[in-house]
Amino acid sequence: MSVRTAEELPSPEPLPGRPARLRLADGAPGPEGTAFPPFVDHHVHLQMVDPDAAPRAGIAGVVDLGAELTAISALAGREPLPRVVFAGQFLTAPGGYPSDRWWLRPGSLRELPAPLPAHERRALPDPIETAVAEQAAFGARLVKVMLNADAGPVFDRETLDAVIAAARAHGLLVAAHAEGEGMARLAIEAGADALVHAPFTERLDDELLTRAAAAGQCWIATFDIHARAGEASALETAIDNTARFRAAGGRVLYGTDLGNGELPDGVNAGELAAMLAAGLGAAELVAALADPWPLADAADWGGDALATFVPGPPPGDADGLPGWLAGARVVPIENLEFG
Ligand SMILES: [Zn+2]
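Residues numbered from 1 in each chain as written. Predicted model: local features only at pLDDT ≥ 70, side-chain atom pairs only at ≥ 80, totals over all residues. Heavy atoms only, no water.

Trainee: Is there a simple way to explain the sheet that holds strand β15 (residues 336–338) in this structure?
Mentor: In sheet architecture, strand pairing relies on hydrogen bonds along the backbone and comes in two forms, parallel and antiparallel. Taken together, five strands build an open sheet; the order of strands is β14-β13-β2-β1-β15 and the sheet is antiparallel. Here the strands that pair on one side only, and so sit at the sheet edges, are β14 (329–332) and β15. Across the sheet, the mean angle from the axis of one strand to that of its neighbour is 50°, orientation sign disregarded. Pairing of strand β13 (residues 306–311) with β14 involves four bridges; the strand directions are antiparallel. When the sheet's bridge partners are listed, A307 is paired in β14 with V331. (Pairing = 2+ DSSP bridges. Helix = DSSP H or I, 4+ residues; strand = E, 2+ residues; numbered from the N terminus. Axes fitted to C-alpha atoms, helices over the stretch in contact; angles between N-to-C directions.)

Trainee: Help me out: how do you make sense of the coordination of the zinc ion in this one?
Mentor: Reference geometry at the metal: tetrahedral coordination by four donors gives ideal angles of 109.5 degrees; octahedral coordination by six donors gives 90 or 180 degrees. Donor atoms from the polypeptide that coordinate the zinc ion comprise H43 (NE2), H45 (NE2) and D257 (OD), at 2.0 to 2.2 Å from the metal. Here the donor residues of the zinc ion share one chain and are spaced in sequence as H-x1-H-x211-D. Of this pair, H43 sits in strand β3 (residues 40–44) while D257 is found in the loop between β12 (251–253) and α10 (269–277), placing the two residues 214 residues apart along the sequence. (Donors = N, O, S within 2.8 Å, 3.2 Å for Na, K, Ca; no water.)

Trainee: Where do I start with helix α7 (residues 206–214) in this structure?
Mentor: The periodicity of an α-helix, 3.6 residues per turn, causes residues three or four places apart in sequence to face the same way. Those residues of α7 that fall on the buried side of the exposure criterion are L208, L209, A212 and A213. Looking straight down α7, one finds its buried side chains confined to an arc of 135°; they lie on one side. In this structure, the buried residues of α7 make contact with α6 (183–190), β11 (218–220) and α9 (232–247). Phi turns positive, to about 80°, at G216, one or two residues after α7. (Buried < 20%, exposed > 50% of the residue type's maximum accessible area, 1.4 Å probe, protein only. Arc of directions from axis to C-beta. Contact = heavy atoms within 4.5 Å.)

Any link to function would need more than the numbers given here.
Structure follows, in structure tokens:
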């Protein structure tokens, strides 16, 4: 495997944060630390976790990637934290993943048939256009397509193209779950904006990785789910693909798939340690946490009023970074004093 261990990494470059002191509720000076733009977990399932836990543990915003529309739009409308951006339902082929999974919440799956031939479409929107329009009507900012060839039927290229075209027509991004042989290639060639898991089924060739990076595709890491499930080869494959994707200029996002099995709330030190193993440097680690995707910038996540604050001095080496960042908490900027 062509990836470096954390011990082989150079010591971290300066972090893109600002030294700050937290003011406590009674006005007394609190701990010194570092203030960052709001941290975002780019892959969660808020219906399956305690939605109030994230901000207590350093995550100011979440991207929900699969939920029932009424429930998730209600969670997104709550005040104030975490800020929620969501994809809405899992869009999948009839009988496709995750239609048979025990954890699937009622109403969170949308099975889409192949598009109608043009001569049968007439003036009516087809089921694909209707489904995507419904996600948009509930406030989704992206759609989630499920391409798991190991667990049932998947969209063919024509159907995937129709879903992506419908999303584009509503100004929505497209995030793909790619699992099974050829599925990452299908998602990359069709132009999906993001892969919701760093590809873990098979080694992608450099040409394909480079194409994904050049197209601006984002990969959401989610390494720790493999580690916790004891899936060493999936973890190794995901880290190896990500190391080469990153080297090709690819954009890697922090995301945990919170709600999938037993994961810690908030900033996950195990996830960050695996990202270091994939070759990300200290500043890149913070950039992956603070990346505003799928929104335009940090202000869209409340970054003009909120910060993620990490108490204590930054560690002297990369090994100490995951544990230090896991101590993060979300605070109003007005509670911080900058030196
Ligand atoms: Zn997920």
